[in-house]
Amino acid sequence: MNDIHRMTPPLISAEAISRSYLKGQHKVPVLRGAGLSAHRGEFVSVIGQSGSGKSTLLHVMGLLDSPDVGEVRLEGNRIDNLSAAARDQLRNHVFGFIFQFYHLLPELSLLENVMAPLMIRHSIIDFWRKRKATRDAALEMLEQVGLSHRVHHRPSELSGGEMQRGAIARALIGKPEILLADEPTGNLDAETGRDIMELLNRLNQEQQLTIVMVTHDEAIAAQAHRTVRLQQGQIQRVLHEEAA
Amino acid sequence: MYKLLLCLRYLRTRYIALACIVSVMLGVATMIVVNSVMAGFSTEMRDRLHNFLADIVIESRGTAGIPNVDEQLRRVQECAGQYIAAMTPSIEVPGMVTFTDPYSRESYTLPIEIHGIDPEGKAAVGPLKDYLDSYNAIVEDGVVVRPALRSSDVPLGWELTPQGQEHYELVQERKRMFLDEASQSGAFPPVMDRTTESIPDDPVFDSVDATESGDTLDAPGDPGTVLTDATGDKDAAAEQSPEMMFEDYKLPVGSTASEPARIYIGEGLVSFFVKNQQTGRQQKVMMVEPGDDVIVSTITAQTPPEVTKFQATVVDSFHSGMSEIDSRIVLMNIKALQQNRGMHLDDAITSIHIRLKDYADAEKALAALEQAFPPGQVTIRTWEEKQGLLLSAVEVETAILNVLLFLIIAVAGFGILAIFYMIVVEKTRDIGILKSLGASSSGVMSIFLSYGLALGVVGSSAGVMLGLLFVHYINEIEDLLSWLTGRKVFDEKIYYFFEIPTSISPWMVISVALGAIAIAVLASILPARRAAALHPVRALRFE
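Every value quoted in this text rests on a predicted model; they were computed, and no experiment measured them.

*Asks:* Please set out the overall build of chain A residue by residue, giving values where relevant.
*Replies:* Along its length, chain A carries nine helices and ten strands. Expected size for 244 residues packed as a compact globule is a radius of gyration near 18 Å; at 18 Å, chain A falls within 12% of this value. With respect to the three principal axes, the spread of C-alpha positions in chain A is 45 × 45 × 40 Å. With 244 residues in all, chain A has 47% of them scored as buried. Across chain A, the fraction of contacts at a sequence separation of at least 24, relative to all contacts at a separation of at least 6, is 70%.

In structure tokens, the structure reads:
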């Protein structure tokens, strides 16, 4: 598999990314030339202390943020300098996000939350035409994550684990190529966290889903194919690489 | 799709948005109510003015008038006949009326405008029968206190009703009795030199109103004595022998007036309101009744004009609903007025009232008439031009009121602005989530714009409904308010309306509602732009 990786460009790659934020008058550098790439079907984890810039790296890769210096490439094509509309499209079609705090929309039911990416993708008329298919897809997705019994509940009526599974379902409904997970277990107890990791692993194995996960937990990170450590805005070393 | 869904969800779950809806609703409702009432008042007022004035009025410049009424009418008919439905000549001159209040025995002299008319002609250009009291029942606070004395198919004229005739004879009888008594007892003191010298053939008449009905009048010798008290009047009357007075009564201004003067008097001139202690109702008290005689003073047609006065019998009183008309105008038989003013020699009149077949042709008719009449002799105006000041005052008032009320809705708009800003701040994280799911900035913006639109639509429709309901039940609401506060909110005595007149124009309702919606959308632009400009990462980190 490594051979294949060397021959084809990685699915997603972030190269020499620098990003700094203004904090009051001061410019605080967060990323200083960090780079990361993931091949199709790979499960990469990024580990680092809080403030090391790992979330920022993930946001830059997912086009939620743009780098000061450096490039983001999707299958070898630069995508970070695209127009806002094109980047919105990519976020909707190519990337799926899950967050530490789940970030479900509180006004919508679980089912509606899961359907949200498709609502955004299609115009009202298109959505109305495909509403049955969309609904079925969302229900199926919820079944996959084991939430068929909670379809019409509001996020506030769900437990943390359920919300995170719902968020995963939402991230996957649009059939993304890359799942970007920002501390998916950070807010869950150990057992629920384990469930979530099992789910991610299963998705990775069964559907060859590319996953880039950020965490501060070594044990969680170790479940990925490959782990990189981010320290002070730079990739320090590759911790382990699963023999392919 | 998500825009619509979220917008509807926000509408249902954000109770603070109710404040926006309520403020828009109240603004819209207020505007609709005020506009409807104002429009009602002004339409009613226009109708009443219009009815009294006919469509087009041709007026002579001077009070001497234009001679030869038949020729003038023919000229009008020739040039603009195709537009004209009816026309009637009339004489309009300033004057004074003098009468005595039978209760206080005080003598009143009031400035009036005398309109010499032919009743049938006047009725052809406007609804005269609707105004005359003998043709209409008298209603007080919704209770009929006197049925109509004449049915509407009785032709108009200068005849007294049987009741009026009875009253007239009673009055005449009392006068005679008083005069007989006075001449027998020799109660008349020697002639005082201050009156009759100036105008020798003064129509001096003193009424005898010592009895309980006491509805006759004083006819003081000259304007000076009018202002004096009753004893002064008696003194003045006593200057002449009773027989002379009768002569004067029969022929008030010399031999020229062969036609007895008959008048319809404006109700506002001779009536006042008192509260009946027993029934608690407002009651109209007439100081002059049909059958009474009054003194009318005016000016003759010659140059310079001279003062002339004559006795006139009140045949009826009228009530047009416009206090400007009812407390200023006295309608009189045109022949008698001509004779008393010396206009009968050349059959002169001062104005012609014209009713058009279609008021839309007013401009064409005006142009045709202006061609026919040389400029400088007459003024030709539509009733609107004649009443221009009053009408434009109402229009200006409505416009100013509308501006002020729209400011109220604008205030509601600022409320929406503030509340929306708050909602955007509250929803910051959700905005970040939507952007991470691929929502565009314009999409996020349109959520809040459509939210504003939805608030505007809901608030406006609620306001329209509330406003229309309020207008529909305005008289019931007025009753309730009157009952609650213990005093009349809408006093028909002041406004001359028994109910609050309203008129709802659909165009007005639509424009008010659209205006309110536009303001709601405008107010949501700023918060929506702010929401659109939020950086997704910062929005996601927002706690």
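*Asks:* How would you explain the overall build of chain B if you had to name every residue and give the values?
*Replies:* Within chain B, the regular secondary structure consists of 20 helices and 15 strands. For chain B, buried positions account for 42% of its 543 residues. In chain B, 81% of the contacts between residues at least 6 apart in sequence involve partners at least 24 apart.

*Asks:* I'd like a rundown of the interface of chain B and chain A, residues and numbers included.
*Replies:* Contact with chain B, which involves 20 residues of that partner, is made by 23 residues of chain A. Secondary-structure elements contributing two or more residues to the side of chain B that touches chain A are α1 (2-13), α15 (428-436) and α20 (536-541) of chain B. With seven residues, the top contributor of residues to the side of chain B that touches chain A is α1(B). Looking at the side of chain B that touches chain A residue by residue, the classes come out as twelve nonpolar, five polar and three charged.

*Asks:* Break down the nonpolar core for me, with residues and values.
*Replies:* By size, the foremost hydrophobic cluster in this structure holds 119 residues, and its most contacted members are Leu57(A), Val24(B) and Val28(B). It is helix α19 (residues 506-533) of chain B that provides the largest number of residues to this core, a total of twelve residues. Apart from the residues within four sequence positions on either side, Val24(B) is in contact with Ile409(B), Ala412(B), Leu455(B), Gly456(B), Gly459(B), Ser460(B), Gly463(B), Ala516(B) and Ala520(B). With 69 residues, the next largest nonpolar core counts Ile56(B), Met87(B), Val171(B) and Tyr264(B) among its residues.

*Asks:* Mind laying out the sheet that holds strand β5 (residues 77-78) of chain A, listing which residues take part and the relevant values?
*Replies:* Residue and element names in this part refer to chain A. The sheet built from four strands is open, its strands ordered β2-β1-β4-β5 with antiparallel pairing. The sheet terminates laterally at β2 (26-38) and β5, the two strands that pair on one side only. Direction of pairing for strand β4 (residues 69-74) relative to β5: antiparallel, over a ladder of two bridges. Each bridged residue has a counterpart across the sheet, and for Arg73 the counterpart in β5 is Arg78. Strand contacts of helix α2 (residues 54-61): β1 (12-23), β2 and β4, with the helix running at about 120° to β1, the strand carrying the most contacts.

*Asks:* Break down the environment of Thr109(B) for me, citing the residues and quoting the values.
*Replies:* Take Thr109(B): it is sitting in strand β3 (residues 107-117). Placed eleven residues apart in sequence, Thr109(B) and Thr98(B) show a C-alpha to C-alpha distance of 4.3 Å.

*Asks:* For the packing of helix α16 (residues 441-472) of chain B against α19(B), give the residues involved together with the corresponding values.
*Replies:* Residues and elements named next belong to chain B. Two elements in contact, α16 and α19, have axes separated by 7 Å at closest approach and are oriented at 150°. On the basis of their axis angle, the class for α16 and α19 is roughly antiparallel. In this structure, α16 crosses over α19, and the sense of that crossing is right-handed. Considering only residue class, the contact of α16 with α19 consists of 21 nonpolar, eight polar and one charged.

*Asks:* Any chance you could break down helix α11 (residues 334-341) of chain B for me, citing the residues and the numbers?
*Replies:* All names here are of chain B. Among the eight residues in α11, seven count as buried, and that is most of the element. Looking at the buried residues of α11, the elements they touch are β2 (84-100), β3, β8 (262-266), β11 (293-299), β12 (307-318) and β13 (329-333). Positive phi shows up at Gly342, right after α11, with a value of about 75°.

*Asks:* Residue-level account of unusual backbone geometry, with values.
*Replies:* Glycine aside, a negative phi is what most residues show, and trans is what most peptide bonds show. Residue Pro304(B) is reached from Thr303(B) by a cis peptide bond, and omega for that bond is -10°. Looking at the secondary structure, you find Pro304(B) in the loop between β11 and β12. A positive phi angle, close to 50°, is found at Ala16(A), a residue other than glycine. Tracing the sequence through the fold places Ala16(A) in strand β1. One non-glycine residue, Glu183(A), adopts positive backbone phi at about 50°. Within the secondary structure layout, Glu183(A) lies in the loop between β7 (178-182) and α8 (190-207). Assessed through the 21 C-beta atoms surrounding it within 10 Å, Glu183(A) is described here as buried.

*Asks:* Outline the packing of helix α14 (residues 388-426) of chain B against α19(B), supporting the account with residue identities and numerical values.
*Replies:* Residue and element names in this part refer to chain B. Contact pair α14 / α19: the axes reach a minimum separation of 8 Å and the direction vectors enclose 25°. The angle between α14 and α19 places the two elements in the roughly parallel class. At the point where α14 passes α19, the crossing takes the right-handed sense. Residues Phe406, Ile409, Ala410, Gly413, Phe414, Ile416, Leu417, Phe420, Tyr421 and Val424 of α14 touch α19, and the partners they reach there are Gly515, Ala516, Ile519, Ala520, Leu522, Ala523, Ser524, Leu526, Pro527, Arg530 and Ala531.

*Asks:* Pulling in residues and values, what's your account of helix α12 (residues 362-372) of chain B?
*Replies:* Residues and elements named next belong to chain B. Taken together, the buried positions of α12 are Ala365, Leu366 and Leu369. One face of α12 carries all of its buried residues, which in axial projection span an arc of 100°. With respect to the buried face of α12, the exposed residues turned more than 90 degrees away are Glu363, Ala367 and Gln371. Where α12 is buried, its residues touch β1 (56-60), α3 (69-80), β14 (351-356) and β15 (378-382).

*Asks:* How would you sum up the confidence of the model for chain B? Please name residues and give values.
*Replies:* Of all residues in chain B, 83% attain a pLDDT of 70 or more, and the chain-wide mean is 79. Here the predicted complex scores 0.71 on pTM and 0.87 on ipTM.

*Asks:* Give a description of the environment of Ala116(A) that names residues and reports values.
*Replies:* Along the chain, Ala116(A) falls in helix α4 (residues 110-121). For the pair Ala116(A) and Leu104(A), spaced twelve residues apart in the sequence, the C-alpha separation amounts to 9.9 Å.

*Asks:* So what about the environment of Gln232(A)? Which residues, and what values?
*Replies:* Residues and elements named next belong to chain A. Examined against the element boundaries, Gln232 turns out to sit in the loop between β9 (226-231) and β10 (234-241). Judged by the 15 C-beta atoms lying within 10 Å of it, Gln232 falls in the partly exposed class. Separated by 198 residues in sequence, Gln232 and Ala34 place their C-alpha atoms 9.6 Å apart.

*Asks:* Give a detailed account of the pairing of β7(A), specifying residues and quantitative values.
*Replies:* Put simply, side chains in a regular strand alternate between the two faces of the sheet. Residue and element names in this part refer to chain A. Among the five residues of β7, five are classified as buried, and the element is accordingly described as predominantly covered. By the alternation rule, side chains of β7 split into Ile178, Leu180 and Asp182 and Leu179 and Ala181, which are all buried. In this structure, strand β6 (residues 95-98) lies alongside β7, joined through four bridges in parallel fashion. By the bridge assignment, Phe95 is partnered in β7 with Ile178.

Basis of the calculations
Residues numbered from 1 in each chain as written. Chains lettered and ligands numbered in written order. Predicted model: local features only at pLDDT ≥ 70, side-chain atom pairs only at ≥ 80, totals over all residues. Helix = DSSP H or I, 4+ residues; strand = E, 2+ residues; numbered from the N terminus. Rg over C-alpha atoms; globule rule 2.2 N^0.38 Å. Buried ≥ 20, exposed ≤ 12 C-beta atoms within 10 Å, placed from the backbone. Contact = placed C-beta atoms within 7 Å. Nonpolar A, V, L, I, M, F, W, Y, C, P; charged D, E, K, R; others polar. Core = buried A, V, L, I, M, F, W, Y, C linked by C-beta atoms within 7 Å. Pairing = 2+ DSSP bridges. Axes fitted to C-alpha atoms, helices over the stretch in contact; angles between N-to-C directions. Parallel < 35°, antiparallel > 145°, perpendicular 65-115°, else oblique. Left-handed = near helix turned anticlockwise from the far one by under 90°. Arc of directions from axis to C-beta. pLDDT = per-residue confidence, 0-100.

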